[in-house]
Amino acid sequence: MDLVIARPEGLYCPPGDFYIDPWRPVERSVITHAHGDHARTGNEHYLAAAPGEGILRSRLGQDINLQTLAYGESITHHGVKLSLHPAGHVLGSAQVRLGYQGEIWVASGDYKVEPDGTCEPFEPVRCHTFITESTFGLPIYRWQPQSEIFAGINEWWRSNAAAGKASVLFAYSFGKAQRILHGIDSSIGPILVHGAVEPLNRVYREAGVRIPETHYAGDFKKTDPALRSALIVAPPSAGGSTWMRRFGEFSDAFASGWMMLRGTRRRRGVDRGFALSDHADWPGLLWAIENTGAERVMVTHGSVAVLVRYLRELGLDAQGFSTEYGDEEDDAAVKTEPEPESTGGASS
Ligand SMILES: [Zn+2]
Ligand SMILES: [Zn+2]
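These figures come from a predicted structure and were not determined experimentally.

Peer 1: Describe in detail the sheet that holds strand β3 (residues 18-20), supporting the description with residues and values.
Peer 2: Two strands in a sheet stick together by hydrogen bonds in their backbones, pointing the same way (parallel) or opposite ways (antiparallel). In space, the 6 strands of this open sheet follow the order β1-β2-β3-β4-β5-β6, with mixed pairing throughout. Whereas interior strands pair on both sides, the edge strands pair on one side only; in this sheet they are β1 (5-7) and β6 (66-69). Strand-to-strand twist in this sheet, taken as the mean axis angle between neighbours without regard to direction, amounts to 35°. The sheet contact formed by β3 and strand β4 (residues 28-30) spans 2 bridges and is parallel. Bridge pairing links Y19 to S29 in β4. Along the sheet, helix α1 (residues 53-60) makes contact with β5 (45-49) and β6, crossing β6 at roughly 160°.

Structure (structure tokens):
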């Protein structure tokens, strides 16, 4: 019996009568993480990992009907034993493990295998059937160790500061921005953030993640000398907007896995691209799949056909699974994030 099937509303567990990351409103939902394409409004009941509660409530509303589980804690619903396990993607991200009549299925949600210090590291979970994402499921995607990426960002920021220029770094406001703030050398200069980034910083700090002091960029005037050595972290949608004028002369950069491709860098028109991704690269996907011990693999959003073909060559029973998940790192998928009203000297 299949413990998860694709339905128009989303991935559905027939014996448990609930959905995983549904894209249409349902009665019972299990949410792997709070990125917009996985966590949507309108469900009557939400179940998610406890470390993600603050983010989910801040994005979907404080009053959602949300039940949380600690990682590894289990509940049984209609005979299906369900538990959540770290996916290493963003704060609170989880893989969903389902057990029913001796069958074990795991749905990964989005995941990354390199630990980054801003969320619980990915944990392989043994199962018979593994539902994996494949955002970067092509052999060309191989990430540099993040320590090298951060060294590159620091060097770029330092040389801009030495030349008296601000450094504007575009990054998705939930997850990527906090990972950058956690990983950079905060002694180089002041750190300013866009109004879409700061509320997420606050939730990460409340969860005990070390995020250096940040200042609300909107509070600075163009003439402020602090801007000459500042790092400004902003969502991609701020690029080219009037919001950018306050920084005078600046160098800009974009942090995303897609920056590995020269064409994407050129299309974005930024000075620098840093290939920093919150998803597994090709070796990471294969490592994760192997460590589940699964004989059957269902591949969702990304390079489905390529990964399915490769897994079949390895002798696994692999197939594609159609979903409506997008990709928060794809610039085309990044929706405009309106800047909230001035938060009035947000931060630290
Ligand atoms: Zn995600
Ligand atoms: Zn996704």
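Following the structure, the description resumes.
Peer 1: Tell me about the sheet that holds strand β18 (residues 296-302), and please be specific about residues and values.
Peer 2: Within the open sheet, the 7 strands sit side by side as β7-β8-β9-β10-β11-β18-β19. Their pairing is mixed. Here the strands that pair on one side only, and so sit at the sheet edges, are β7 (74-77) and β19 (317-320). Each strand of the sheet is rotated relative to its neighbour by a mean of 20°, with strand direction disregarded. Taken together, the 5 bridges between strand β9 (residues 94-100) and strand β10 (residues 103-107) define a ladder with antiparallel strand orientation. Following the sheet pairing, V96 is matched in β10 by A107. Packing of helix α6 (residues 282-292) onto the sheet brings it into contact with β10, β11 (129-134) and β18, and relative to β11 it is tilted by some 170°.

Peer 1: Explain the environment of E9 to me, using residue names and the numbers behind them.
Peer 2: One can find E9 in the loop between β1 and β2 (10-13). Classification of E9 as partly exposed rests on a count of 16 C-beta atoms within 10 Å. Residues E9 and G117 lie 108 residues apart in sequence; the distance between their C-alpha atoms is 34 Å. In contact with E9, not counting residues within four places along its chain, are Y19, P22, R24 and V26.

Peer 1: Lay out helix α7 (residues 304-313) with the relevant residues and their values.
Peer 2: Listing the buried residues of α7 in full gives V304, L307, V308, Y310 and L311. What you see down the axis of α7 is that its buried residues fit within an arc of 165°, all on one side. Facing away from the buried side of α7 by over 90 degrees, the exposed positions are A305, R309 and E313. As for α7, its buried residues are in contact with β11, α6, β18 and β19. Of the residues trailing α7, G315 is marked for its positive phi of about 95°.

Peer 1: Which residues make up the domain arrangement of the protein chain, and what values go with them?
Peer 2: How big an interface is tends to be reported as the loss of accessible area on association of its parts. By the assigned domains, the protein chain splits into domain 1 (5-140 + 279-320) and domain 2 (146-274). A separation of 30 Å is found between the C-alpha centroids of domain 1 and domain 2.

Peer 1: Any details on the nonpolar core? Residues and values, ideally.
Peer 2: By size, the foremost hydrophobic cluster in this structure holds 94 residues, and its most contacted members are V96, L169, I232, V233 and A255. No other element matches the 5 residues that α7 contributes to this core. Two domains each put at least three residues into this core: domain 1 (5-140 + 279-320) and domain 2 (146-274). Beyond its immediate stretch of four places on either side in the chain, L169 contacts I180, L231, I232, V233, A253 and A255.

Peer 1: Requested: an account of the confidence of the model for the protein chain, with residues and values cited.
Peer 2: Summarising the model, the protein chain shows a mean pLDDT of 92, and 94% of its residues fall at 70 or more. With pLDDT under 50 throughout, residues 331-348 is counted as low confidence; its partners more than four residues away or in other chains account for 33 contacts.

Peer 1: Account for the pairing of strand β12 (residues 166-170), naming residues and giving values.
Peer 2: The element β12 is largely enclosed, with a buried count of 5 among its 5 residues. Side chains A166, V168 and F170 of β12 all project onto a buried face; the interleaved residues S167 and L169 project onto the opposite face, where all are buried too. Pairing of β12 with strand β16 (residues 250-255) involves 5 bridges; the strand directions are parallel. Looking across to β16, one finds that L169 is bridged to A253.

What counts, and at which threshold
- Residues numbered from 1 in each chain as written.
- Chains lettered and ligands numbered in written order.
- Predicted model: local features only at pLDDT ≥ 70, side-chain atom pairs only at ≥ 80, totals over all residues.
- Pairing = 2+ DSSP bridges.
- Helix = DSSP H or I, 4+ residues; strand = E, 2+ residues; numbered from the N terminus.
- Axes fitted to C-alpha atoms, helices over the stretch in contact; angles between N-to-C directions.
- Contact = placed C-beta atoms within 7 Å.
- Buried ≥ 20, exposed ≤ 12 C-beta atoms within 10 Å, placed from the backbone.
- Arc of directions from axis to C-beta.
- Domains from an automatic or database assignment.
- Core = buried A, V, L, I, M, F, W, Y, C linked by C-beta atoms within 7 Å.
- pLDDT = per-residue confidence, 0-100.

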